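Remarks on the overall topology
Take a look at the letters that make up each chain.
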Amino acid sequence: MEPAPPRRFERWLCHPRFFSAVLLLALALAAFTVIVGFYSDDYLLLCYLAELIPGSPPWYDLYNFVSGDPQKTQAIIGLTAMPWWTDPELRLHLVRPLSSALITLERAAFGHAPLGYHLVSIALYIAVVAAAGRLFLRVLPRATAALALLIFAASASHMQPAGWISCQHFLITALPVVLGLLAYLRYRDEGWRPGRYLGPLGLGIGLLGGEAALGGAAYWVAYQLAGPVPPGRAAGVRARATAALPVLGLLVYFAAYKAVGGGAAHTGGYVDPLSSPLRFAATAAERLPILLANALVSVPAELSGAFPVGPFIAVGLAATAGVALLYRACLPAIPERERAALRWLVPGALLTLVTTVGGFPGSRVLMLPNLGIAPLLAVLILRGLRPAPSPGLAPRARRAGAGFFGVVHVALAPPMFLLATLSNTDAARKLEQVARTAEIGAPPRKRVFLAASSDPMASIYPQAVLALESPESFSCWSMLSTAKAPHRLTRTGPSSFTLAPLGRTMLLGAFETLYRAPSAPIPPGYEVRQCGATIRVAEVEGGRPSRIEVDLGAPLEDPGLVLLAWRDGGLRRVAPPAIGEAVELPWSPGPLGFF
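A few points on the structure. For clarity, every value in this text was computed on a predicted model and none was experimentally measured.

1. Points about the overall build of the protein chain
Scanning the protein chain for helices and strands turns up 21 helices and 13 strands. Its C-alpha radius of gyration of 26 Å places the protein chain within 12% of the 25 Å reference for a compact globule of 595 residues. Taken along the three principal axes of its C-alpha coordinates, the protein chain extends 90 × 50 × 45 Å. Classification of the 595 residues of the protein chain by burial places 55% in the buried group. Within the protein chain, contacts between residues separated by at least 24 positions form 72% of all contacts whose residues are at least 6 apart in sequence. Summed over all atoms, the accessible surface of the protein chain reaches about 24000 Å², with 65% contributed by carbon and sulfur. In the protein chain, 49 side chains carry a positive charge and 35 a negative one; their mean positions are 14 Å apart.

Printed below as a string of C-alpha cells:
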C-alpha cells in the first residue's frame, strides 16, 4: 500500500522557514516574561549577594541555603533567617557554581534592575530552543522534528526557566548538555572526532550549572543502550554496555558534590538519593506520576504542594496509559527512523524525570525531560491524525487521542505559556505589595513576629523584599506559625502568650516541612531562642507542635515590637489582648490563593 500523501499540516511543517518561525514564537513568548520582574527567591539571592541575611553564602555558592553545620544553623535560627522549628542538622546545599557566578555578574552589571537579568534568560532560552531544534532534525524526519520543536518551544512548563531569574540554572545546564549531545551524535553518526570530547565536556559544563544536567547523562546512557548503531560498529548488549561505561565518570562528580557539602538532608522538601536511597525511591513513586501529568497533559505539578496528591497521581498514571495505548495504535504508521529515535529519547526522558523527583515537584524541572517527550508527542499527533484506510471505532479513537494532544500541546500551549507568565507576575506584584504594606511602622527598626501566615508570599519572602528595599524597617523577622488554619492567641503575661492552630497541628504544609522532615518529631518542651524571644513547644500531636508558648522579652505593647497576622489581604497588626484573654486569628487564602 502506498503511504498517504503529506497533508497540508505536514507540508506546512516542512516549510523552509518553519524553524525560524518557531524561534520567533519562542522569542515572543520569552520576551513577555520581562513583566515578571523579581520574584520570591530572586530577592533571597540578591540579599545573599548584599550580605543582608545572616549566614549568607559566598557569591560562587549562592544555592547553599543551609550548610548542615548544627552550630551555624542554630546561630542563624537565633538571628531569624530561618523558622524556629528548623532542624539544626538541616542541609540544603545545591552546588551550582556556574549559575551562581552568572547571577553575581548580572548583579554587578544590572544592579537591582530586573530587565537585564531577563534579557540574559531570554537569550539563553532561545539558544536552548535552537539547540533542541538541531537535535530533533538530526534524529527525526523534518516534519516530525518541526512539530517536536514547536511543542518544545511553546511548552508552558518552560515559562519559569525562561522568566524566573532564580531558575536560570535550568538554562545554564540545558544549553551545554544539548550541544554536547549533538556533538556526540555527530561523532557517532559521522565519525566527527571533536564530538567524542565535546560531548563529555558539554555534560561537565552543565553539571557546573546545576544537578539538572544529570538528565544529559540519562540521554547519553539511553542512547548507548537503545540508540541506533552506526555501520561497522558492534551492536550486541555487551558492546552497548561497554560504550556506556564513560558515564561512570559521574562518580567523580558525585564524590566532589559530597566533598563540598552538597546535597539535602533533614528536610521534607528535597530528598537526596545518595544519602536516603529508600526515601528517594518512595518519593519517586509519588512524584513521578505528578510530573508525567504535567509533561503529558499540562496539569501544573506545583499545585500538588497545596492540594492532596492523589488526583495528580491518578491523572499522571491515566495520561501515561493513554499515551502508551495511542502509541500502540499508531505503531503501524510510525516509520523506522522515528521508532529508532523514540527507542532512546523516551527512556532518556523517563530517566531524566527520575533525576528531578528529589526536589519540589514543578513544571520548571521539565526542560531536559521535554527533549524526549516533545518528539514522542509529535509522533503521536502526526501519525495519529492520519486518516485510516477503513472507517471504524479504533481509528476514530486514535484520531481523537491525537487531536487531544494536538490541542493541549500545539493550540493551547502558547496561551498557557502567557497565562503562566501572568500568574507569576501577579504573584510577584502581590509579594511586593504584601512587603511594602506590612503594618510595621516607621523606624526605629522593629522586631517583627508573624503570629499566623501560611502563604510563603506572606511569610517567608516579604522579609527578603524588605531587607533589600527598606533594611531600616526591621531588625529581625520571626515566623511563629505558618499553619494553614485559624489560630488562637492567648496572653499569659505582660510579655508572653500561647499560640495554637485550631483543628490541626503545625508542620503539615510543604513549606513548613521544607525546614524539618516529618521523620524528625519535635518533643514537648523543645525550646528555641529567636529574635530576642523564647519559643517553647507546650503541646504536640504526632510529633508536631499543636501549641507553643512565646515570651518576647518585652511587653507586647513595646513600640519596638510588632505582632502581625495575615488578615484582609495583608500583614496586619494584632492588637494584644489583656492578660488572661484570647483573640482568634481567622485563616484566609494568601497571595497565591491556595496556601
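2. Observations regarding the packing of helix H2 (residues 18-32) against helix H6 (residues 114-139)
Between H2 and H6, the least distance of the axes is 10 Å, while the angle of their chain directions is 150°. Comparing their axes, H6 and H2 come out roughly antiparallel. Remark: the crossing between H2 and H6 carries right-handed chirality. On the side of H2, the interface is formed by Phe 19, Leu 23, Ala 26, Leu 27, Ala 30 and Ala 31, while H6 contributes Ile 122, Tyr 125, Ile 126, Val 129, Ala 130, Gly 133 and Leu 137. Grouping the constituent residues of the contact of H2 with H6 by class yields twelve nonpolar, one polar and no charged.

3. Quick look at the sheet that holds strand E1 (residues 64-67)
Pairing in this open sheet of three strands is antiparallel, and the strands run E1-E2-E3 from one edge to the other. Edge strands, defined here as strands with exactly one partner in the open sheet, are E1 and strand E3 (263-265). Direction aside, neighbouring strands of the sheet carry axes that sit 25° apart on average. Relative to strand E2 (residues 91-93), E1 runs antiparallel, the two being bridged by three bridges. Bridge assignment links Val 66 to a residue of E2, and that residue is Leu 92.

4. Section: helix H9 (residues 168-190)
With 23 residues, H9 extends 33 Å from end C-alpha to end C-alpha; this agrees with the ideal 33 Å at 1.5 Å per step. H9 sits mainly inside the fold: 19 of its 23 residues count as buried. The positive-phi residue at the C-terminal boundary of H9 is Gly 191, with phi of around 75°.

5. Side note on the packing of helix H19 (residues 413-437) against helix H20 (residues 462-469)
H20 packs onto H19 with a crossing angle of 65° between their chain directions and a minimal axis gap of 9 Å. As judged from the angle between their axes, H19 and H20 are roughly perpendicular. For the element pair H19 and H20, the recorded crossing hand is right-handed. Residues Leu 431, Val 434, Ala 435 and Arg 436 of H19 pack against Pro 462, Val 465, Leu 466 and Glu 469 of H20. Split into classes, the residues belonging to the contact of H19 with H20 amount to six nonpolar, no polar and two charged.

6. Section: the sheet that holds strand E5 (residues 474-479)
The mixed open sheet is built from four strands, whose spatial order is E5-E4-E11-E12. At either end of the open sheet lies a strand with only one pairing partner, and these are E5 and strand E12 (570-573). Within this sheet the neighbouring strands show an average axis-to-axis angle of 30°, counted without direction.

7. With respect to the packing of aromatic side chains
In total, this model carries 23 aromatic pairs according to the counting rule given. Both rings, one in Trp 84 and one in Trp 85, keep their centres 5.7 Å apart while their planes meet at 90°; by these two values the pair is edge-to-face. Summarising the aromatic geometry, the rings of Tyr 253 and Tyr 257 are spaced 5.5 Å apart at their centres and angled 55° between planes, so their arrangement reads as tilted. Of this pair, Tyr 253 and Tyr 257 both sit in helix H13 (residues 250-259), four residues apart, which is roughly one turn of that helix. The two residues Tyr 253 and Tyr 257 agree in class, both being buried. Here a set of aromatic residues connected by ring pairs shows up, and it is made of Tyr 270, Phe 307, Phe 360, Phe 511, Phe 594 and Phe 595. Cation over ring: Arg 516 sits above Tyr 526, and NZ or CZ is 5.4 Å from the ring centre.

Here is what the cut-offs are and how they apply
- Residues numbered from 1 in each chain as written.
- Predicted model: local features only at pLDDT ≥ 70, side-chain atom pairs only at ≥ 80, totals over all residues.
- Heavy atoms only, no water.
- Helix = DSSP H or I, 4+ residues; strand = E, 2+ residues; numbered from the N terminus.
- Rg over C-alpha atoms; globule rule 2.2 N^0.38 Å.
- Buried < 20%, exposed > 50% of the residue type's maximum accessible area, 1.4 Å probe, protein only.
- Contact = heavy atoms within 4.5 Å.
- Areas by Shrake-Rupley, 256 points an atom, 1.4 Å probe, with all protein chains shown as cover.
- Lys, Arg positive; Asp, Glu negative; His and termini not counted.
- Charge placed at Lys NZ, Arg CZ, Asp CG, Glu CD.
- Axes fitted to C-alpha atoms, helices over the stretch in contact; angles between N-to-C directions.
- Parallel < 35°, antiparallel > 145°, perpendicular 65-115°, else oblique.
- Left-handed = near helix turned anticlockwise from the far one by under 90°.
- Nonpolar A, V, L, I, M, F, W, Y, C, P; charged D, E, K, R; others polar.
- Pairing = 2+ DSSP bridges.
- Expected span 1.5 Å × (residues − 1).
- Phe/Tyr/Trp six-rings, centres within 6.5 Å; stacked < 30°, edge-to-face > 60°.
- Lys NZ or Arg CZ within 6 Å of the ring centre and 35° of its normal.

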